[in-house]
Protein chains: 2
Amino acid sequence: MKLQIFYELIIILMSTKLLGLLMRKIKIPEVVGMLLAGVIIGPSVLGLVETNEVLDIFAELGVIMIMFAAGTETDIKHIKSSGKASAVITALGVIVPFGLGYVVASLFNGGFSVGREQMISNMFYGVMLTATSVTITVATLKELGQLQTRVGTSILSAAVLDDIIGIVVLTVFIGLKSPNVSVIRIIIRIVLFFIISYVVGSLSRKAYHVLEDRNPGTRRNIIFAFVNCLVFSYAAEKFFGLADITGAFFAGIAFADLKESKHLEHRVDIASYLLFSPVFFASIGIGTVLTGFNMNLLWFGLAFVAAGLISKFGGAAFGAKICGFGNDESVRVGLGMMCRAEVILITAQRGVNMGFIKKSFMPFVILLVIVSSFITPILLKLTYRNRNNKLTQKSSEV
Amino acid sequence: MKLQIFYELIIILMSTKLLGLLMRKIKIPEVVGMLLAGVIIGPSVLGLVETNEVLDIFAELGVIMIMFAAGTETDIKHIKSSGKASAVITALGVIVPFGLGYVVASLFNGGFSVGREQMISNMFYGVMLTATSVTITVATLKELGQLQTRVGTSILSAAVLDDIIGIVVLTVFIGLKSPNVSVIRIIIRIVLFFIISYVVGSLSRKAYHVLEDRNPGTRRNIIFAFVNCLVFSYAAEKFFGLADITGAFFAGIAFADLKESKHLEHRVDIASYLLFSPVFFASIGIGTVLTGFNMNLLWFGLAFVAAGLISKFGGAAFGAKICGFGNDESVRVGLGMMCRAEVILITAQRGVNMGFIKKSFMPFVILLVIVSSFITPILLKLTYRNRNNKLTQKSSEV
């Protein structure tokens, strides 16, 4: 068993890193490379690695570390200061994709008057589309020197809000899995979990602060923070019936916005990228079956991808427009929010685990990640080039 | 399963860190605290955590990371420069403990004319005693401002040599496990492995250097180094029938003494202390059974502890004396080499896994770690106090 795991880790780490770097060369997120690596080494193609219990645990720890890190990056003060605009952008950028995702799924899966289970499944396609991942957008705006603009800061804040709303929605749906649980009950559980998280999180935050104050940069501090992450994840699932990633995310928020947060995140990040997150992304690829295709699934998948792009773009751009952004700015906000990466993958994988989403649908989720991360930077740059052309034209006219 | 592992990791990380810090307060190595934590949370006392396949894999990755880090710290240039003295100190500091350990084990286990299997087992008690861990010695000498003396540098070099010889001896004995394998064959295998390791290691070292040169401090570099560690560990066991830790150690040596080694070691270290090495040390404690005691085992164990202290002290001190060290200096070298910690634990655990050592003997190995790490700094400080007293007397006489 030990040697088998060593062997599998060697294959996973090498292939994910190589393909990840390759993707980066052509400006596609590394995550896509890791997924492809998983598909290639998995039973669909080469059959070198199969999922097993140990790899599953590694993958699970990987997701938790990713969500914990995302939590520590959640700058709540920043959201408050950037105000109403990002709230409206997020709201419309969540509601429209959710709605359109649900409609598309319903059209392909038995219409709108179906049983509870099928309805939840159809809605879950909408849930997946609410996610956003703005890493590529941020990199592109940075490259263009446009990150410190109204467009840039709105996208950043909206992305953080999007994560929070996304995890709450996901949590509700995971709660809905048990057939006899009402939405009200789940919401009560969530609220209860949030209150307790807030209290415990505040205490942990203080304790962490004292620890860092007394012994800056020591191992005990990061272990303390990581144990918190594990405890929150464990408690969320075990005692509240919520998702473990919800717990990890809230544990991360408890440690956000401290002067030591960067340092903490950096150290958790090392453990994460050295082993756990490659295993996670590869295992999605390994679990992706390229069989069970038929025309209905193909059209459904393509409609889903199109809906994902259009709805997020439309919702967010419309939100920006309402808040008084210009046409160009609104388009940029829409394009910036359109991109998908880690979050939709994590959500989709939960969906598969819960039985909401068929395994054979995963390729289309991956397709959405690839397409959106491919066209977002191109289109964003185009909008700025147009403006520059206009400016150049204007100045040549003068 | 996932939730159970989360729960076990929470218990292990919290208890090892708390007891580790507690031990440090009373100047005993943290490792001892981690072992005790394992004993307490394990089936012997509280029964909160039992070993399972996933934890075993974590522990195994922990040992590999520890040995890899030890390898990267192996400064071969330094040994060459410190010359003959440390070679003689190491040689006698290995031979005498090995001999005495074997004699003591034989006296308690059937005498000297026993079957092959029992003889190998008896010899393995000697193998365990060859290990040294000079962390505490180094800290003590640093505190006394005596690290940059002849005593200090000899101990440091001898400790590195000790690690190398120790791993070779351990490797031979692990090879001897198969009943039909001759020593010659094992030595051929080891030599073959060393040659191939040297060639592949040199290439990896160059590749790593190029990687760091082109993209300093990027993730791909550390993943490359870590994959090397896994490949060496895997190949050593799978293709050469040696121990995986031998492979990890040699992979580490390949990356030693580069200007980036510290950086590399630091990053592997984070993953190690955040999860893997606490699980490893705790799992030794969890596997330590406090049953099966009888008077014979008790006397054997105590004799083993005494032999461990006396033989290492005597051997190393005698070696120093031969090389022209003064009496005081020789005593200090002997005391400095006497300390045991990680290495003997790793060796002993392999011995248990291989069936050479009975599980019920582990408490005495732990006892040797505790006693040696407790008395080494006290005695070392005493030898320097005596000298200071003499100096003071002398100067008052003048």
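Heads up: the structure comes first, above all this text.
Just so we're clear, the structure is a prediction, and the values are computed from it rather than from any experiment.

Scoring rules and cut-offs
- Residues numbered from 1 in each chain as written.
- Chains lettered and ligands numbered in written order.
- Predicted model: local features only at pLDDT ≥ 70, side-chain atom pairs only at ≥ 80, totals over all residues.
- Heavy atoms only, no water.
- Contact = heavy atoms within 4.5 Å.
- Buried area = accessible area lost by both parts, 1.4 Å probe.
- Salt bridge = Lys/Arg side-chain N within 4 Å of Asp/Glu carboxyl O.
- Polar contact = N/O pair within 3.5 Å; in protein donor to acceptor, adjacent residues only side chain to side chain.
- Helix = DSSP H or I, 4+ residues; strand = E, 2+ residues; numbered from the N terminus.
- Buried < 20%, exposed > 50% of the residue type's maximum accessible area, 1.4 Å probe, protein only.
- Phe/Tyr/Trp six-rings, centres within 6.5 Å; stacked < 30°, edge-to-face > 60°.
- Lys NZ or Arg CZ within 6 Å of the ring centre and 35° of its normal.
- Least-squares fit on C-alpha atoms with pLDDT ≥ 70 in both.
- Patch = residues over 30% accessible without salt bridge, like charges linked within 9 Å, V, L, I, M, F, W, Y side chains within 5 Å.
- Areas by Shrake-Rupley, 256 points an atom, 1.4 Å probe, with all protein chains shown as cover.
- Lys, Arg positive; Asp, Glu negative; His and termini not counted.
- Charge placed at Lys NZ, Arg CZ, Asp CG, Glu CD.
- Axes fitted to C-alpha atoms, helices over the stretch in contact; angles between N-to-C directions.
- Parallel < 35°, antiparallel > 145°, perpendicular 65-115°, else oblique.
- Left-handed = near helix turned anticlockwise from the far one by under 90°.
- Nonpolar A, V, L, I, M, F, W, Y, C, P; charged D, E, K, R; others polar.
- Expected span 1.5 Å × (residues − 1).

What am I meant to see in the interface of chain A and chain B here?
It is common to report an interface's size as the accessible area lost on association of the parts. Tallying the contact residues gives 43 residues for chain A and 43 residues for chain B. Carbon and sulfur atoms supply 81% of the area that chain A and chain B bury against each other, a total of about 4400 Å² over both sides. Of all residues in chain A, Phe6, Tyr273 and Leu274 of chain A give up the largest surface area on contact with chain B, accounting jointly for 15% of the area buried on that side. Inspection of the region where chain A meets chain B yields eight salt bridges. Taking the shortest distance from any N to any O, the salt bridge between Lys2 of chain A and Glu60 of chain B comes out at 3.8 Å. Applying the counting criterion to the chain A and chain B interface returns eight residue pairs in polar contact (both at pLDDT 80 or more). Contributions of two or more residues to the side of chain A that touches chain B are made by helix H1 (2-25), helix H3 (53-72), helix H9 (219-240) and helix H11 (261-287) of chain A.

In this structure, what is going on with the pattern of salt bridges? I would like to understand it.
Close approach of charged atoms allows side chains with opposite charge to pair. If you walk through the whole model with that rule in mind, you get 29 salt bridges over all chains. When the shortest N-O distance is used, the salt bridge between Lys2 of chain B and Asp244 of chain A registers 3.0 Å. Placement of the pair is Lys2 of chain B in helix H1 (residues 2-25) and Asp244 of chain A in helix H10 (residues 244-254), with the two residues belonging to separate chains. A relative accessible area of 18% places Lys2 of chain B in the buried class. The exposure class assigned to Asp244 of chain A is buried, which follows from its relative accessible area of 0%.

Looking at this model, I keep getting lost on the packing of aromatic side chains. Mind explaining?
Each aromatic ring pair is characterised by the separation of its centres together with the angle its planes make. All names here are of chain A. Applying the stated rule across the entire model yields 48 aromatic pairs over all chains. The interplanar angle of 80° and the centroid separation of 4.9 Å between the aromatic rings of Phe304 and Phe361 together place this pair among those described as edge-to-face. Here Phe304, found in helix H12 (residues 295-322), pairs with Phe361, found in the loop between helix H14 (342-354) and helix H15 (362-397); they are 57 residues apart in sequence, far enough to count as distant. An aromatic cluster is built from Phe108, Tyr125, Phe300, Phe304, Phe361 and Phe364, whose rings are joined through pairwise contacts. The ring of Tyr384 carries Arg332 above its face, with NZ or CZ at 3.9 Å from the centroid.

Please explain the relation of the copies chain A and chain B as it appears in this structure.
There are two copies of the chain, and a rotation about an axis plus a shift along that axis relates them. Expressed as a screw operation, the relation of chain A to chain B combines 0.0 Å of axial shift with a rotation of 180°, fitting to an RMSD of 0.0 Å. One copy is carried onto the other by what is essentially a two-fold rotation axis. Residue Ala271 of chain A of chain A places its C-alpha closer to the rotation axis than any other residue of that unit, at 2.3 Å. Comparing interface residues between copies, 100% of those in chain A also lie at the interface in chain B; the contact surface is shared.

I keep staring at a nonpolar patch on the surface and nothing clicks. Help me out?
Residue and element names in this part refer to chain A. There is a patch of nonpolar side chains on the surface, built from Val183, Ile187, Val191, Leu192, Ile195, Ile196, Tyr198, Val199, Val200 and Leu203 and spanning about 910 Å² of accessible area. Residue position: Leu192 is located in helix H8 (residues 183-214). A residue is classified by how much of its surface remains accessible, and Leu192, at 46% relative accessible area, is partly exposed.

For this particular structure, what's the right way to read a negative patch on the surface?
Together, Glu53 and Asp56 of chain A together with Glu53 and Asp56 of chain B give the surface a local cluster of negative charge. The set of elements that each furnish at least two residues to the negative patch consists of H3 of chain A together with helix H3 (53-72) of chain B. Checked against the element boundaries, Glu53 of chain B lands in helix H3. Accessibility expressed as a relative area gives 38% for Glu53 of chain B, which makes it partly exposed.

Please clarify how the packing of helix H5 (residues 116-130) of chain B against helix H14 (residues 342-354) of chain B should be interpreted in this entry.
Any two packed helices are characterised by how steeply their axes cross, that is the angle between the axes, and by the distance between the axes. Residue and element names in this part refer to chain B. Contact pair H5 / H14: the axes reach a minimum separation of 8 Å and the direction vectors enclose 160°. Taken together, the axis directions place H5 and H14 in an arrangement best described as roughly antiparallel. For the pair H5 and H14, the sense of crossing is right-handed. Where H5 approaches H14, its residues Phe124, Val127 and Met128 are matched on the opposing element by Ile344, Thr347, Ala348 and Gly351. A per-class count over the contact of H5 with H14 returns five nonpolar, two polar and no charged.

For this particular structure, what's the right way to read helix H5 (residues 116-130) of chain A?
One turn of an α-helix holds 3.6 residues; hence residues three or four places apart share an orientation. Given a rise of 1.5 Å per residue, 15 residues ought to cover 21 Å, and the 21 Å separating the end C-alpha atoms of H5 of chain A matches this to within 8%. Along H5 of chain A, the positions that sit buried rather than exposed are Ile120, Ser121, Asn122, Phe124, Tyr125, Gly126, Val127, Met128, Leu129 and Thr130 of chain A.

What exactly am I supposed to notice about the environment of Phe325 of chain B here?
All names here are of chain B. Take Phe325: it is sitting in the loop between helix H12 (295-322) and helix H13 (327-337). Spatially, the C-alpha atoms of Phe325 and Ile165 are 23 Å apart, while their sequence positions differ by 160 residues. Once you skip the residues sitting within four places of it in the chain, Phe325 turns out to touch Ala85, Arg150, Val151, Ser154, Ala320, Ser330 and Val333.

Help me understand the side chain of Ser106 of chain A, please; the structure alone is not making it clear to me.
Its place among the elements puts Ser106 of chain A in helix H4 (residues 76-108). Sequence-distant contacts of Ser106 of chain A, defined by excluding residues within four places in its chain, comprise Gly111, Phe112 and Asn122 of chain A.

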